[in-house]
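Chain by chain, the residues:
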Amino acid sequence: MPRSLWIGLALSAIFVVAAALSFLWTPYPVDGMNIPSRLQPPSWAHLLGTDQFGRDILSMIMVGARTSIAVALLAVGIGMALGVPLGLAAAARKGGLLDEVIMRANDLIFAFPALVIAILITAVFGASAMNAIIAIGIFNIPVFARLTRGGALSLWEREFILAARVAGKSAPRISVEHILPNVANLLIVQGTIQFSLGILAEAGLSYVGLGAQPPTPSWGRMLAEAQTMVSLAPHVALIPGLAIVLTVLGLNLMGDGLRDLLDPKVRKARA
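Because the structure is predicted, anything quoted here is derived from the model rather than measured. (Residues numbered from 1 in each chain as written. Predicted model: local features only at pLDDT ≥ 70, side-chain atom pairs only at ≥ 80, totals over all residues. Heavy atoms only, no water.)

This part is about the overall build of the protein chain. Check the secondary structure of the protein chain and you find ten helices and zero strands. Written out in order from the N terminus, the α and β elements of the protein chain read α-α-α-α-α-α-α-α-α-α. With respect to the three principal axes, the spread of C-alpha positions in the protein chain is 75 × 50 × 30 Å. Residues counted as buried form 46% of the 271 residues belonging to the protein chain. Counting only contacts in the protein chain whose residues sit at least 6 apart along the sequence, the fraction spanning at least 24 positions is 70%. As displayed, the protein chain offers around 13,700 Å² of accessible surface, 71% of which is attributable to carbon and sulfur atoms. Positive and negative side-chain charges in the protein chain, numbering 19 and 14 respectively, have mean positions lying 7 Å apart. (Helix = DSSP H or I, 4+ residues; strand = E, 2+ residues; numbered from the N terminus. Buried < 20%, exposed > 50% of the residue type's maximum accessible area, 1.4 Å probe, protein only. Contact = heavy atoms within 4.5 Å. Areas by Shrake-Rupley, 256 points an atom, 1.4 Å probe, with all protein chains shown as cover. Lys, Arg positive; Asp, Glu negative; His and termini not counted. Charge placed at Lys NZ, Arg CZ, Asp CG, Glu CD.)

Following this line, the structure appears as structure tokens:
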């Protein structure tokens, strides 16, 4: 198994375990303010210190991991659930009206970054974690649609697909039974990459106030609240920033390792 996969799994597991544990236990209540203990450095009482309101940073990092993972996971799920069928349909009707409509719609979505989509959604429905999920999920749809279409197009002229067509199978059935299993490795790898980008996007949206709202902890909002405290207590900003960096690094390494593991061409090249 590739070393990058092991390292990525280890880093990702730390935050997944922390997020899961936060449902049952945190060292302190995340909404428990203790002004006399504000901006305390890491100690045995508070392993990662306290913020400007005296809240335990470790507890907030644990619950913030839950928020980031949930938003990114649901956003990737939306992207895959809608993008993969669209990509399969476009590839099955290459050059036709359906293919053209799907690809031009993808181009339209790509013209608007996730932040702009989030601003539009927020202007109508208000800022919330759910709206952040919708914004990031919409941006993920064309990513998976293009990837699926590209992988499927290279398969439609293969002999086993031609044999399935001769056997009388319809295009939707061929897409589900033969095309989808053969592009699954591409989707898995891209899913891990989009998952890491989803965590970054959630942090960015929360940083500008468009993500999860108080009192729900969020790594991005922790950074935003700490930006004026860097000179007084650097750990208040460094710790959530380091959490984002390590989580994204772990997911990217995991995606790279999965690519090496699942792609026979890469395995053969590195052998």
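Right, picking up where we left off after that structure.
Let us now look at helix α4 (residues 114–125). Between its first and last C-alpha, α4 extends 16 Å over twelve residues, near the 16 Å set by a 1.5 Å rise per residue. Along α4, the residues that are buried comprise Ala 114, Ile 117, Ala 118, Ile 121 and Thr 122. Seen from one end, α4 has its buried residues packed into an arc of 135 degrees, which puts them on one side. Facing away from the buried side of α4 by more than 90 degrees, the exposed set consists of Leu 120, Ala 123 and Val 124. (Expected span 1.5 Å × (residues − 1). Arc of directions from axis to C-beta.)

Attention shifts here to the nonpolar core. Among the nonpolar cores identified, the biggest contains 43 residues, and Ile 61, Trp 156, Ile 179 and Trp 219 are the most heavily contacted of them. Breaking this core down by element, the ones donating at least two residues are α1 (3–22), α2 (57–92), α5 (129–153), α6 (159–166), α7 (171–207), α8 (219–226) and α9 (235–262). Looking at this core, the element that brings in the most residues is α2, giving ten residues. Here Ile 179 is in contact with Leu 88, Ala 152, Leu 155, Trp 156, Ile 161 and Ile 174, once residues within four sequence places are set aside. The next biggest cluster of nonpolar side chains, apart from the first, holds eleven residues, and it includes Ile 117, Ala 132, Ala 135 and Leu 210. (Core = buried A, V, L, I, M, F, W, Y, C linked by side-chain atoms within 4.5 Å.)

This next bit is on empty space enclosed by the protein. Within this structure, the stated rule accounts for one cavity of 30 Å³ or more. Considering only enclosed or pocket space, the largest cavity measures out at about 70 Å³ in volume. Every residue along the wall of the largest cavity is listed here: Asp 51, Gln 52, Arg 55, Ile 57, Met 60, Met 222, Glu 225, Ala 226 and Val 236. If you list the elements that add at least two residues to the lining of the largest cavity, you get α2 and α8. (1 Å grid on protein atoms, 1.4 Å probe; cavity = no way out; pocket = protein on both sides within 12 Å on 5 of 7 lines; lining within 4 Å. Points joined across faces, edges and corners; volume = space filled by probe spheres on them.)

Another point: the layout of surface pockets. As a volume, the second largest pocket reaches approximately 230 Å³. Lining the second largest pocket are 13 residues; nearest its centre among them are Ile 14, Phe 15, Leu 48, Leu 58 and Ile 61. Of all the secondary structure elements, the ones that give two or more residues to the lining of the second largest pocket are α1, α2 and α9. Counting residues per element, the lining of the second largest pocket draws most heavily on α1, which supplies five residues.

In short, geometric facts, not functional conclusions.
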